[in-house]
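Chain residues, written in single-letter form:
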Protein chains: 2
Amino acid sequence: MVDSAEAPPRVLVVGAGAIGAFYGGQLARAGAQVSVVSRADFEAVQSVGYDIRSPLGDFVFRPAQVLRSAADCPVPPDYLLLCVKTVRGLDRAALIRDAVGPHTVIVLIANGIGVEQELADAFPHNELVSVLAYVAVSRTGRGTVQHHALGALAMGNFPRGVTARTERLAGLFRAAGLSCETQDDIAASRWHKCLWNIAFNPISVLGGALDTRAILAPPEGEAFVRRVMQEMCRVAAANGYPMDEQVIEGSIRSTRAMTPYKTSMALDYENGRALEIDPIIGNVVRSARRHGVAVPSLEALHALLCMVQDRAEAPAPG
Amino acid sequence: MVDSAEAPPRVLVVGAGAIGAFYGGQLARAGAQVSVVSRADFEAVQSVGYDIRSPLGDFVFRPAQVLRSAADCPVPPDYLLLCVKTVRGLDRAALIRDAVGPHTVIVLIANGIGVEQELADAFPHNELVSVLAYVAVSRTGRGTVQHHALGALAMGNFPRGVTARTERLAGLFRAAGLSCETQDDIAASRWHKCLWNIAFNPISVLGGALDTRAILAPPEGEAFVRRVMQEMCRVAAANGYPMDEQVIEGSIRSTRAMTPYKTSMALDYENGRALEIDPIIGNVVRSARRHGVAVPSLEALHALLCMVQDRAEAPAPG
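Quick caveat, the model's predicted, so the values are computed rather than measured.

Moving on, we come to the UniProt feature "domain: Ketopantoate reductase N-terminal" (unreviewed entry) in chain A. In the numbering used here, UniProt assigns the feature "domain: Ketopantoate reductase N-terminal" (unreviewed entry) to residues 11–159 of chain A. Between the first and last C-alpha atoms of residues 11–159 of chain A the distance is 22 Å; the span itself is 20% helix and 37% strand.

Bringing the pattern of salt bridges into the picture now. Residues and elements named next belong to chain A. With the rule as written, the count across this model stands at 38 salt bridges over all chains. Note that E222 is salt-bridged to R226, the shortest N-O span being 2.7 Å. Taken together, the residues span about one helical turn, with E222 and R226 both in helix α8 (residues 219–238) at a distance of four residues. Here the salt bridges share partners, and the residues they tie into one network are E222, R226, E249 and R256.

Relating one copy of the chain to the other requires a rotation about an axis plus a shift along that axis. Rotating chain B by 180° and moving it 0.0 Å along the rotation axis overlays it on chain A with an RMSD of 0.0 Å. The superposition operator between the copies reduces to a two-fold rotation axis. The share of interface residues of chain B whose copies in chain A are also at the interface is 100%, consistent with both copies meeting through the same surface.

We now examine the UniProt feature "domain: Ketopantoate reductase C-terminal" (unreviewed entry) in chain A. UniProt records the feature "domain: Ketopantoate reductase C-terminal" (unreviewed entry) for residues 185–307 of chain A in the present numbering. Span residues 185–307 of chain A is 75% helix and 0% strand, its end C-alpha atoms 34 Å apart.

Turning to unusual backbone geometry, a few remarks are in order. Residues and elements named next belong to chain A. At the junction of F158 and P159, the peptide bond is cis and its omega measures out at 0° in the coordinates. Here the phi dihedral of L150 falls at roughly 60°; this positive angle occurs in a residue that is not glycine. The topology assignment puts L150 in strand β9 (residues 144–157).

With 27 residues of chain B in contact, the opposing surface of chain A contributes 27 residues. Roughly 2,200 Å² of surface becomes buried between chain B and chain A when both sides are summed, with 71% attributable to carbon and sulfur atoms. Where chain B packs against chain A, one counts two salt bridges. Of the charged contacts, one joins E299(B) and R227(A) as a salt bridge, the two residues approaching to 3.9 Å between their closest N and O atoms. Where chain B meets chain A, there are two residue pairs in polar contact (both at pLDDT 80 or more). The set of elements that each furnish at least two residues to the side of chain B that touches chain A consists of α6 (186–206), α7 (212–216), α8 (219–238) and α12 (296–313) of chain B. A total of 12 residues in the side of chain B that touches chain A trace back to one element, the largest contributor, which is α12(B).

Residue and element names in this part refer to chain B. Mapped onto the secondary structure, S54 falls in the loop between β3 (50–53) and β4 (59–61). A distance of 2.8 Å separates the side chain of S54 from the side chain of H147, its partner in a polar contact. Each residue touching S54, except ones within four places of it in the same chain, is listed here: Q146 and H147.

All names here are of chain A. In total, this model carries 10 aromatic pairs over all chains according to the counting rule given. Measuring from ring centre to ring centre gives 5.8 Å for Y23 and F173, while their planes differ by 85°; the resulting arrangement is edge-to-face. One end of the pair, Y23, is in helix α1 (residues 18–29); the other, F173, is in helix α5 (residues 164–175), with 150 residues separating them in the sequence. Each of the two residues, Y23 as well as F173, counts as buried. With 6.1 Å between their ring centres and 55° between their planes, W196 and Y261 make a pair best called tilted. Of this pair, W196 sits in helix α6 (residues 186–206) while Y261 sits in the loop between α9 (246–257) and α10 (264–270), and the two are 65 residues apart along the sequence. Residue Y261 is classed as partly exposed on the basis of its relative accessible area of 37%.

So, how was this worked out
Residues numbered from 1 in each chain as written. Chains lettered and ligands numbered in written order. Predicted model: local features only at pLDDT ≥ 70, side-chain atom pairs only at ≥ 80, totals over all residues. Heavy atoms only, no water. UniProt positions renumbered as here; feature names shortened; annotations may be inferred. Helix = DSSP H or I, 4+ residues; strand = E, 2+ residues; numbered from the N terminus. Salt bridge = Lys/Arg side-chain N within 4 Å of Asp/Glu carboxyl O. Least-squares fit on C-alpha atoms with pLDDT ≥ 70 in both. Contact = heavy atoms within 4.5 Å. Buried area = accessible area lost by both parts, 1.4 Å probe. Polar contact = N/O pair within 3.5 Å; in protein donor to acceptor, adjacent residues only side chain to side chain. Phe/Tyr/Trp six-rings, centres within 6.5 Å; stacked < 30°, edge-to-face > 60°. Buried < 20%, exposed > 50% of the residue type's maximum accessible area, 1.4 Å probe, protein only.

The structure is reproduced here in structure tokens:
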């Protein structure tokens, strides 16, 4: 082991949007030496760092180095935090390959189901840590990030287990004041978190960027959300992750109670950005087909989202 | 019978948009005395009539009278053509009540399933003729209508049968040069026509005003259209109208072959108008529930459309 409890770990954040800047900044506060790859905000971040506003306390995150691409990274980091969306056409392995050394731990902070395998295949000899972020955070301008609420993390190695390096990383996040749980089988949490996402994200887009209140407003809306979640539970069970269906009622109840909220997918749709279709629903539909689980509501949402995405990517009519 | 083969029948068109003006104009060409209720285009139509452009020959339709409401109708017509959309919040019976006399035949030109009963209940002693129009026609300005293609009609009394007055009306349309079929059981044609509408209308809206090509572009799109139509066939069969599922393949094939086309519901959606949700899909879903037919794809489309409509009708956030 090259790890040393004394030397601050070197961290490289790739995809330093709101999530990457926020969690990278937390690691820096905990003493890690954190660099970032940032193309879009390069000048702003280079000159003044990230201005992070948070109910937990505002802070400025000045990365050790600001790079334009992973290829500019002089020494492979101990941890490479990959915080990009999992969207069609983005080769995540290519994005980080030049910065991954033989001992680099790849840390994937991402939503959804089936997001790790592509990276495990591309870097079979590296540790891969799968991370779920329970956080509301958004980029508000060049190098500026607003943290709205929450912040807890759950992580574990892919496909399972928790190594010493993963525990060390979790310790850094905790040192920064965040809740960070390590889990022997992180996939269980992925299925659980995706239960909400698979209903509210696609529906919010297909209704034309609806918020959670509009989705639950008509009686047909709540009933549909329930059917979608029931189908999701059946796919999770077929994958070895049974969920108590009471979770569904709790999820609907708490969504009704919260301030109306527009999902990240709805915001991506409104802003013409690529949609995370495969991690949020596509991979679940394919898993259902492999297991012979009927998911007609999920199939409907998936088909409609594919049309929306195809149209968005089509050249404008001339 | 007060009908006389000699006296030209008096016709009142209520809802004189593109469909009403086009078919009212055809009846006038065949010798009927046709008046219209037109609020939106009153001045234009009053002064110069309807300018109807058609590949079958342009013509001007000057109504016998132009009225602002059915209450202004001096004598009940022999035929009252009702050509409004069947949308939530529009009381169609109230719209025509003041013009319906004891011998008035109510002629409903409308899309979808379950559109007649409300009128049959409101006017139990009047003949009710249920009409399907196979036509592409649009309003292009005040008092101007463009007929693009087709024009055939199918009609029959509701709930079934064909009376002499219905045959007489059909004869007038034929005299104007249109194909017009009378059918003893017009509901069969309604189910058949709705097979296309129930797939392409909702999907076109939910995809964000997609045309037929965009709907069929992704492989998931065609498969989804097929599932929607298969469910529709099962509901039709449960209602006594079995359809050969080969019709589905023919429908998909011919839709692929035609010029990409945006459905009327997609156009209504784009223009902020009310959507014909119940006749196109809502009534079919309710019928499926009554018959215990599982229609998860239709339920999905219906729930999503209800959300879209609720949001469109909600007051803008202040």
